[in-house]
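Coordinates in review
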Amino acid sequence: MCGIVGYNGYRPSVEVLIQGLHRLEYRGYDSAGITIHQDGELRTIKKCGKIRDLEKTLPTDMAGSMGMGHTRWATHGVPNDINAHPHLDSSGKIALVHNGIIENHHALRQLLEGEGHTLGSETDTEVLAEYIGYIYGRNSVSFPDAVRMALTKVVGAYGIVAMCEDEPELLVAARLGSPLVLGVGEQEMFVASDATPIVEYTRNVVYLSDGEMAMVNRISYEVLSITHNIPVHKSEQQVDLTLEQIEKGGYPHFMLKEIMEQETTIPDAMRGRMDFPTGKVNLGGIRDWQNRLLDSDWIYITACGTSWHAALIGGFLIEALVGIPTKVEYASEFRYRKLIINPKTTVMAISQSGETADTLAAVHKANEAGTLTMGIVNAVGSSVARETNCGVFIHAGPEIGVASTKAFTSQLTVLMLVSLLLAQQAGESSQEVASVLKELAVIEDKVKQVLAQSDAILDLAREYQDSNNFLYLGRGFQFPIALEGALKLKEISYIHAEGYPAAEMKHGPIALIDENMPVVVMALKDRTYEKVLSNIQEIKARKGRVIAVANDVEPELEKLTDHIIQVPTTHRLLLPLLTVIPLQLLAYHIAVLRDCHVDQPRNLAKSVTVE
Ligand code: G6P
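Numbers given for residues are sequential positions, taken from 1 along each chain in its written order. Local features in a predicted model are, by the rule used here, given only for residues with pLDDT of at least 70; side-chain atom pairs are given and counted only at 80 or more, and totals for whole chains, interfaces and linings are based on all residues. The basis for the side-chain values is all heavy atoms of the structure; hydrogens and waters are excluded.

**Description of the pairing of strand E20 (residues 372-377)**
Among the six residues that make up E20, six are buried, leaving the element largely enclosed by the rest of the structure. With burial as the criterion, each face of E20 is covered, one bearing Leu 372, Met 374 and Ile 376 and the other bearing Thr 373, Gly 375 and Val 377. For strand E19 (residues 345-351) and E20, the ladder comprises six bridges, and the chain directions are parallel. When the sheet's bridge partners are listed, Ala 349 is paired in E20 with Gly 375. Handedness of the crossover joining E19 and E20 through helix H11 (residues 357-368) is recorded here as right-handed. Each residue is placed in one exposure class: buried if its accessible area under a 1.4 Å probe, protein chains only, is under 20% of its type's maximum, exposed if it is over 50%, and partly exposed if it falls in between. In this text, helices come from DSSP runs of H or I with a minimum length of four residues, and strands from runs of E with a minimum of two, each type numbered from the N-terminal end. Strands are treated as partners if at least two bridges between them are detected by DSSP. Here the term right-handed applies to a crossover when the path leading from its first strand over the helix to its second strand runs clockwise, the strands being oriented away from the viewer.

In structure tokens, the structure reads:
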């Protein structure tokens, strides 16, 4: 959601910024723009649409060695050229790019309009730009002081970069709730909302924390506390990201690359943590908290989107293997509900990005209640990772496709390790734990077998690409997979799809079934298999078309269904790792056949940093 890139150095900044904006495209956006400091003036070009639309409108003589760019995902005001960033104040001296939401923008707007200022856009960002300009123009303060003073009056969340016409060599960046990272190069500096636009130039980075601002010139930077106006010492870190990881590597889309990567990301999530010969699990990030975790009366798992589906499975795993009551809540509900959280509960937050606003707010709420918080996060250094007491990284590598795929299976793998660890710690040496361990040791090969079916699933996709609706049904551990399959399809192909517990079909969705309704049924051999077969009969009786995902293809199933996608057999607690993959591939192939923007679906953002 919204991306920021700033550059101050010796290279032609227009090229660095445009390339940086392309790297940020994956976050989701609807307009883009850049400001360059050129010949003592600020030159701004912004455009609704894609970055290539912006590139077409850039004047050929636009040049300079300092500038900033932004991709906007509309919150306040429709996507159009005027609402796009950067925003200038009315004097034209101050330019601002902003991620997040200024919640008191109405009050600031009234104050400014009362002083005779006119604002041209509908955005909260322009209000802040105008307010910085107002302070800068009225008081004899420096530009960084004007930014700092303005920010002390802001309620809301922001990651900003600001430029001033009078300061040809200075970028000012600040953060409260929306991530910002500085890139420290040789005679050049970068600022960005994540490290992807920076890694091709330098690996030395500094993560700003909430409440900090940075004055960035081309050879150095200084970080201050916004409220206390005192310097803050920051340590530089080496970013663990390669250019190869953020490029498509020969695949037509990031999403397909990431689906295929699951044959390595699932084992990577276990690497160094799982000793198969002894069956011992070792999770350094929660080692000091294991006893406390086991002592929990109650565990809440909270998340959004695909991570919430992983949470549902995590809840089932903890209950099945450890026996601690577990409740799964959408983070957006968790943050406003009156929940029973106390020092004997544990709150786990699952997030690929570690920056989802609702998930972070849920963590804050749990921290305030004094309960143990644990993160299951992909992005190292992200807010959820930093603000939880303990946690486990999923180590899936950067996920660029907006629709989450490999992060989901890595989350499931880590949730399995956490459950096994707690079960072992609790002295559970059940048959179940032993057989899960045996199957986990050979899961990699089975993942490969499922991925090898991509072409067969493409053939299936051809048959169903014109459907307007899809239903996904599953029971037990396969119910969250049905939800995830439906989510994948609607996210990237814009086909309406619903996931349901199979037995609930009779309480509503059955009314929708006719010959035009494809139903994906998770028909795995477990204790509900016979019931699922009955559901399939009910669908066929109404002429629905059934695509079954099955691990044991019996003649009866073959007779009843239109298509079967077969996955290898494994322990029932591990089956979700295999059964979700054909659903990811089905959604992917249908979306490509429908000519959809698979990696950047309309209206969606990779990391939802606003409420
Ligand atoms: C957005 C993304 C989803 C993701 C969800 C939660 O909606 O488009 O793919 O599952 O946010 O994101 P998180 O980073 O917290 O896992």
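Additional details are given in the paragraphs that follow.
**Observations regarding the site of the ligand**
Only a single heavy atom is needed: when it lies within 4 Å of a molecule or strand, its residue is near that molecule or strand. Among the 14 residues in the neighbourhood of the ligand, the closest are listed as Ser 307, Ser 351, Gln 352, Ser 353 and Thr 356. Within the side chain of Ser 353, one N or O atom sits 2.6 Å away from an oxygen atom of the ligand. Within the contact set of the ligand, an oxygen atom lies 3.0 Å away from a backbone nitrogen or oxygen of Val 402. Protein burial of the ligand: of its 390 Å² of free accessible surface, 91% is covered by the chains. Looking at which element gives the most residues to the shell around the ligand, the answer is helix H9 (residues 305-321), with three residues. Three categories are distinguished: nonpolar for Ala, Val, Leu, Ile, Met, Phe, Trp, Tyr, Cys and Pro, charged for Asp, Glu, Lys and Arg, and polar for the others, with Gly belonging to the last. Considered class by class, the residues forming the shell around the ligand number four nonpolar, eight polar and two charged. Here a polar contact is recorded for every N or O atom pair within 3.5 Å, except that within protein the pair must consist of a potential hydrogen donor and a potential acceptor, and residues adjacent in sequence are included only if both atoms are side-chain atoms. Here the accessible surface of atoms and residues is derived via Shrake-Rupley with a 1.4 Å probe, and residues count as covered only by protein chains that are part of the display.

**Quick look at the packing of helix H7 (residues 262-270) against helix H13 (residues 406-425)**
How two helices sit against one another is set out by the angle between their axes and by the gap between those axes. The N-to-C vectors of H7 and H13 enclose an angle of 30 degrees; their axes lie 9 Å apart at closest approach. When the axis of H7 is compared with that of H13, the two are roughly parallel. Seen from above, H7 lies across H13 with right-handed handedness. Across from Gln 262, Thr 265, Ile 266, Ala 269 and Met 270 in H7, the residues of H13 making contact are Lys 406, Thr 409, Ser 410, Thr 413, Val 414 and Leu 417. Looking at the contact of H7 with H13 residue by residue, the classes come out as five nonpolar, five polar and one charged. All axes are obtained by fitting lines to C-alpha atoms, using only the stretch in contact for helices, and the reported angles, taken between N-to-C directions, cover 0 to 180 degrees. Roughly parallel covers angles under 35 degrees, roughly antiparallel covers those over 145, roughly perpendicular covers 65 to 115, and oblique covers all other angles. When the near helix sits turned anticlockwise from the far one by under a right angle, the crossing is termed left-handed; a clockwise turn instead gives a right-handed crossing. We call two residues contacting when some pair of their heavy atoms lies within 4.5 Å.

**Thoughts on the packing of aromatic side chains**
Here a pair means two rings of Phe, Tyr or Trp (six-membered ring of Trp) with centres within 6.5 Å. Their orientation is stacked below 30 degrees between planes, edge-to-face above 60, and tilted elsewhere. Scanning the model with the defined rule gives ten aromatic pairs in all. Where Tyr 131 meets Tyr 134, the ring centres are 6.1 Å apart and the plane angle is 20 degrees; that geometry is what we call stacked. Of this pair, Tyr 131 and Tyr 134 both sit in helix H4 (residues 124-138), separated by three residues, roughly a single helical turn. In this pair, the class of Tyr 131 matches that of Tyr 134, namely buried. Look at Phe 190 and Tyr 201: their rings are 4.9 Å apart centre to centre, the planes differ by 15 degrees, and that puts the pair in the stacked class. Linking Phe 190 in strand E10 (residues 189-192) with Tyr 201 in the loop between E10 and strand E11 (204-207), this pair joins segments that are eleven residues apart in sequence. By relative accessible area, Phe 190 is classed as buried at 1%. Feature note: the residues Tyr 7, Phe 190 and Tyr 201 constitute an aromatic cluster, connected by ring pairs. Should the NZ of a Lys or the CZ of an Arg lie within 6 Å of a ring centre and within 35 degrees of the ring normal, that charge is described as sitting over the ring. Of note, Lys 365 hangs over the ring of Phe 334, and the distance from its end group to the ring centre comes to 5.9 Å. Seen from the ring of Tyr 494, Arg 602 lies directly overhead, with NZ or CZ sitting 3.8 Å from the centre.

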